[in-house]
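# Residue-level structural notes
Okay, here's what each chain looks like letter by letter:
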Protein chains: 2
Amino acid sequence: MKKMKKSVFYHAGCPVCVTAEQEIINLIGASNVDVVHFGEDKSRINEAESAGVKSVPALVTPNGNVLHLNFGASLADVKA
Amino acid sequence: MKKMKKSVFYHAGCPVCVTAEQEIINLIGASNVDVVHFGEDKSRINEAESAGVKSVPALVTPNGNVLHLNFGASLADVKA
């Protein structure tokens, strides 16, 4: 059995984020994704930025690629 | 075992599309996604548009939600 590194889903609680989160969990399984809510953990914004996240919701894959899923808010707005 | 309806991944062969396609296949498995390349099948552009696809690459989930993944090209550009 292949063990997969987890993806990380970053979001900020916006309606677009919530829909995308639900879909990602449906598609890849809750156990394969770490969900980070910036409203609850601002300290991880820098980590996301370093990974290349420009807006939320976004999924950083185990390969390190960033998939920006629709558009909820820019990272600048999240930081403000 | 839960049988899942397939997602549909629409793209147009752009570099952004190819990366996203590979990641989606890694994440959800090739057997869970139908890949539609508009360069090879223009007739499916209308179907995508009806589903709410505005740009490619995009994934339409089994629930009918559209996840626009990064930005490769608008559907208008694809049609042109």
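This text goes with the structure placed above it.
Here the structure is a predicted model, which is why all the values come from computation and not from measurement.

## As for the relation of the copies chain A and chain B
Take chain A, turn it by 180°, move it 0.0 Å along the axis, and it overlays chain B with an RMSD of 0.0 Å. One copy is carried onto the other by what is essentially a two-fold rotation axis. A high fraction, 100%, of the interface residues of chain A reappear at the interface in chain B, so the copies pair face to face through one surface.

## Focus on helix 1 (residues 15-28) of chain B
All names here are of chain B. Its 14 residues give helix 1 an end-to-end C-alpha distance of 20 Å, which sits within 8% of 20 Å, the value for a rise of 1.5 Å per residue. Within helix 1, burial applies to C17, A20, E21, E23, I24, L27 and I28. Two residues or fewer past helix 1, G29 is found with a positive phi of approximately 90°.

## Topic: the interface of chain A and chain B
Contacts between the two partners involve 19 residues from chain A and, on the opposite side, 19 residues from chain B. Regarding the contact of chain A and chain B, the summed buried area is about 1500 Å², with carbon and sulfur atoms giving 57% of it. When the buried area of chain A at its contact with chain B is split by residue, E23, L27 and L67 of chain A rank highest and sum to 39% of it. At the surface where chain A touches chain B, the tally comes to zero salt bridges. Inspection of the region where chain A meets chain B yields 10 residue pairs in polar contact (both at pLDDT 80 or more). For the side of chain A that touches chain B, the secondary structure elements donating two or more residues are helix 1 (15-28) and strand 4 (66-74) of chain A. The leading source of residues in the side of chain A that touches chain B is helix 1 of chain A, at seven residues.

## A few points about the nonpolar core
When a protein is soluble and globular, its nonpolar side chains tend to lie buried together. The biggest cluster of nonpolar side chains holds 18 residues, and the ones touching the most others in it are L69 of chain A together with L69 of chain B. Every element with two or more residues in this core is listed here: helix 1 and strand 4 of chain A together with helix 1 and strand 4 (66-74) of chain B. Once residues lying within four places of it in the same chain are set aside, the contact partners of L69 of chain B are L67, H68 and L69 of chain A together with F9, A20, I24, P57, A58 and L59 of chain B.

## Some points on the pattern of salt bridges
The final tally for this structure, using the stated rule, is six salt bridges over all chains. Across the pair E49 of chain A and K79 of chain A runs a salt bridge whose closest N-O atoms are separated by 2.7 Å. In this pair, E49 of chain A is assigned in helix 2 (residues 45-51) and K79 of chain A in helix 3 (residues 75-79), connecting sequence segments 30 residues apart. We note a salt bridge from K6 of chain B to D34 of chain B, for which the minimum N-O separation is 3.6 Å. Here the residue K6 of chain B occupies a position in the segment before strand 1 (7-11), and D34 of chain B occupies one in strand 2 (residues 33-37), the gap between them amounting to 28 residues.

## Remarks on the state of the cysteines
By definition, a disulfide links the sulfur atoms of two cysteines through a covalent bond. Residues and elements named next belong to chain A. By the definition in use, this model includes two disulfides over all chains. The disulfide that involves C14 links it to C17, with 2.3 Å between the sulfurs. In this structure the cystine formed by C14 and C17 twists about its S-S bond by roughly 65°; its chirality is therefore right-handed. Across the pair, C17 and C14 agree in class, each one buried.

Rules behind the numbers
- Residues numbered from 1 in each chain as written.
- Chains lettered and ligands numbered in written order.
- Predicted model: local features only at pLDDT ≥ 70, side-chain atom pairs only at ≥ 80, totals over all residues.
- Heavy atoms only, no water.
- Least-squares fit on C-alpha atoms with pLDDT ≥ 70 in both.
- Contact = heavy atoms within 4.5 Å.
- Helix = DSSP H or I, 4+ residues; strand = E, 2+ residues; numbered from the N terminus.
- Expected span 1.5 Å × (residues − 1).
- Buried < 20%, exposed > 50% of the residue type's maximum accessible area, 1.4 Å probe, protein only.
- Buried area = accessible area lost by both parts, 1.4 Å probe.
- Salt bridge = Lys/Arg side-chain N within 4 Å of Asp/Glu carboxyl O.
- Polar contact = N/O pair within 3.5 Å; in protein donor to acceptor, adjacent residues only side chain to side chain.
- Core = buried A, V, L, I, M, F, W, Y, C linked by side-chain atoms within 4.5 Å.
- Disulfide = S-S within 2.5 Å.

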